[in-house]
Amino acid sequence: MKRTRLYDSHKKWNARMIEFFGWEMPVEYKGIIDEHMAVRTKAGLFDVSHMGEVVVRGKDALAFVQHLTPNDAARLAPGQVQYTALTTPEGTFVDDMLVYCVGPEDYFLVVNASNADKDYAWIVAHAKGFAVTTENRSSAYSQLALQGPEAVAVLQELTALDLAHIQSFHFAFGKVAGVDALVSRTGYTGEDGFEIYMVDPNPGVVWDAILAKGGDHGVMPIGLGARDTLRLEAKLMLYGNDISDKTTVLEADLKWICKFQKGDFLGKAVLERQLVEGVRRKIAGFEITDRGIARPHYPVLVGGTKLSEVSSGTFAPFLKKSIGLAYLPIEHTVIGTEIGIGIRDKVVKAKVVPTPFYKREKK
Amino acid sequence: MYPREFRYTKEHEWVKVEGGEAVVGITDFAQKQLGDIIFVELPEVGRTLGAHDSIGTIESVKSVSDIFAPVAGEVVAVNGELGQAADLVNKDPHGKGWIVRLRLADKAGVEALMTVSDYEKYLEGLEA
């Protein structure tokens, strides 16, 4: 199993470790509920070094990124980030990802750990005819995420970068606790916060500094368990659960990342047709109104008939409700629609609700 | 950590014999594995259980697990407090977090379970 450079830190903080797509990662430290609440009310520190990083450079770097993705990378100025996808010709997902515009001929793509090798092979296979160089830098990079309302105050104590000037979905290069880093105002929790990318062989320095400075602010380390409950409350997609090469971008309710005016991209024709004709099914959020917790693959029923399966489901620690996502025939995605979730030998009641389930109040 | 007078199973349940009855719960090791517990689904009082029958389920944030009857018997009481406070199983697994009370079908079933020293050795094997 692969380990991140923070492995010893996790041991020191008494993490429970699990296997996650070939990586030995912390699933929890103090407990999922405490960790989840810390991120919603104070701040939490995540090791997400398993994520993949791909560099695309060259004269055609922008044209190539435009070809691979449905969002409009031409709108990015250097220092800006965009959420987008790697799409198949069928308009489905190879992966979802962030695109960083480092310079006009220099893009930095951040992809899921579980897909990093597949994505890189996909990118290389589609580079023919583009004047670009590509490099899979996943093993060089460590990534920490500091998320929560206190994140900016804690991180500001450790960097000369003026964080007030790094707005949401922007980034800058600078030192954090003396270590060279790319500091990005992004995250996967629904909170304000930062993702910090480093090639330094010893990112533990930054980990330790954040937890030392953050102690007074209530910062604690957060495992993958709470990362999943946090992202689901905020209805952020998880590849393999909520999106895959079997679901289109429009079915995933991500029309906002499809910029049809920008020119051609992989999957455009299918997605444009789907936009005109309307999707037959769409991802919808639900809340269980009986007692029970929905888990991935549990059946979703309407009138006793199985219509689909739960793609993600959990007990939401901040909302204190059982929530989930599922693809439903479009006529059943109306807010308030009653559905049933098959939990072992019972069918429990649930209803379609607006998403995101949780939205932070902006200051 | 683990009460001397209890008996234990490989599925990390404990049994405390009180006369002809037995109180059943899950061990501290089990609650740590499960993490934050949200619901405990309990059996009906009066149900007769064979050893290894499912008593109910425990739902934690990240997983769901069956609870099995360590010994045969009739359910004479369930811990109703868990309906409002399932996290008692996390906070006090060997005490207030008990799950069911059984009228034992026979005592031989209990004698076959692990003693505390057997269970502690078993755990060392798992953690090694």
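Small disclaimer: the values here were computed from a predicted structure and weren't measured. (Residues numbered from 1 in each chain as written. Chains lettered and ligands numbered in written order. Predicted model: local features only at pLDDT ≥ 70, side-chain atom pairs only at ≥ 80, totals over all residues.)

Tell me about the overall build of chain A, and name the residues and values.
Looking only at helices and strands, chain A features 8 helices and 19 strands. Its C-alpha atoms give chain A a radius of gyration of 20 Å, near enough to 21 Å, the size a compact globule of 363 residues would have. On the principal axes, the C-alpha backbone points of chain A span a range of 60 × 50 × 40 Å. Buried residues in chain A amount to 47% of all 363 residues. Excluding contacts between residues fewer than 6 apart, the proportion of contacts in chain A whose partners are at least 24 apart in sequence is 67%. (Helix = DSSP H or I, 4+ residues; strand = E, 2+ residues; numbered from the N terminus. Rg over C-alpha atoms; globule rule 2.2 N^0.38 Å. Buried ≥ 20, exposed ≤ 12 C-beta atoms within 10 Å, placed from the backbone. Contact = placed C-beta atoms within 7 Å.)

Lay out the domain arrangement of chain A in plain terms, naming residues and giving numbers.
Reports of interface size often rely on the accessible area that becomes lost once the parts have come together. Residues and elements named next belong to chain A. Under the domain assignment, chain A is made up of domain 1 (7–51 + 141–233) and domain 2 (52–136). Using only C-alpha atoms to locate each centre, domain 1 and domain 2 end up separated by 24 Å. Contacts between the two partners involve 11 residues from domain 1 and, on the opposite side, 12 residues from domain 2. (Domains from an automatic or database assignment.)

I'd like a rundown of unusual backbone geometry, residues and numbers included.
Residues and elements named next belong to chain A. Omega for the bond connecting Thr355 with Pro356 falls within 30 degrees of zero, at 0°, which places this linkage in the cis form. Phi at Phe21 takes a positive value of approximately 45°, unusual for a residue other than glycine. The topology assignment puts Phe21 in the loop between strand 1 (16–20) and strand 2 (23–28).

Tell me what's going on with the sheet that holds strand 6 (residues 54–60) of chain B, and back it up with residues and numbers.
Hydrogen bonds between backbone groups are what pair the strands of a sheet, and the pairing can be parallel or antiparallel. Residues and elements named next belong to chain B. Here 3 strands make up an open sheet; going across it, the order is 4-6-7 and the pairing antiparallel. Both edges of this open sheet fall to strand 4 (37–41) and strand 7 (64–68), since each of them pairs with a single strand only. Neighbour to neighbour, the strand axes of the sheet diverge by 20° on average, direction disregarded. The sheet contact formed by strand 6 and strand 7 spans 5 bridges and is antiparallel. What sits directly across from Gly56, in strand 7, is Ile67. (Pairing = 2+ DSSP bridges. Axes fitted to C-alpha atoms, helices over the stretch in contact; angles between N-to-C directions.)

Kindly report on the nonpolar core, identifying the contributing residues and their values.
All names here are of chain A. With 128 residues, the main nonpolar core has Val65, Val99, Tyr107, Leu109, Leu146 and Ile196 as its most contacted residues. Broken down by element, the residue count for this core peaks at 7 residues, all from strand 6 (residues 93–103). Two domains share this core, each providing at least three of its residues, namely domain 1 (7–51 + 141–233) and domain 2 (52–136). With near-sequence residues (within four places) excluded, Tyr107 lies in contact with Val56, Ala61, Val65, Val99, Tyr100, Cys101 and Val102. (Core = buried A, V, L, I, M, F, W, Y, C linked by C-beta atoms within 7 Å.)

With reference to specific residues and values, describe helix 4 (residues 116–125) of chain A.
All names here are of chain A. Taken together, the buried positions of helix 4 are occupied by Ala116, Asp119, Tyr120 and Ile123. Angular distribution of buried residues about the axis of helix 4 spans 100°; they occupy a single face of the element. In helix 4, those exposed residues whose orientation departs by more than 90 degrees from the buried face are Ala121 and Ala125. Those residues of helix 4 that are buried lie in contact with strand 4 (52–57), helix 3 (61–68), strand 5 (80–87), strand 6, strand 7 (106–111) and strand 8 (133–136). (Arc of directions from axis to C-beta.)

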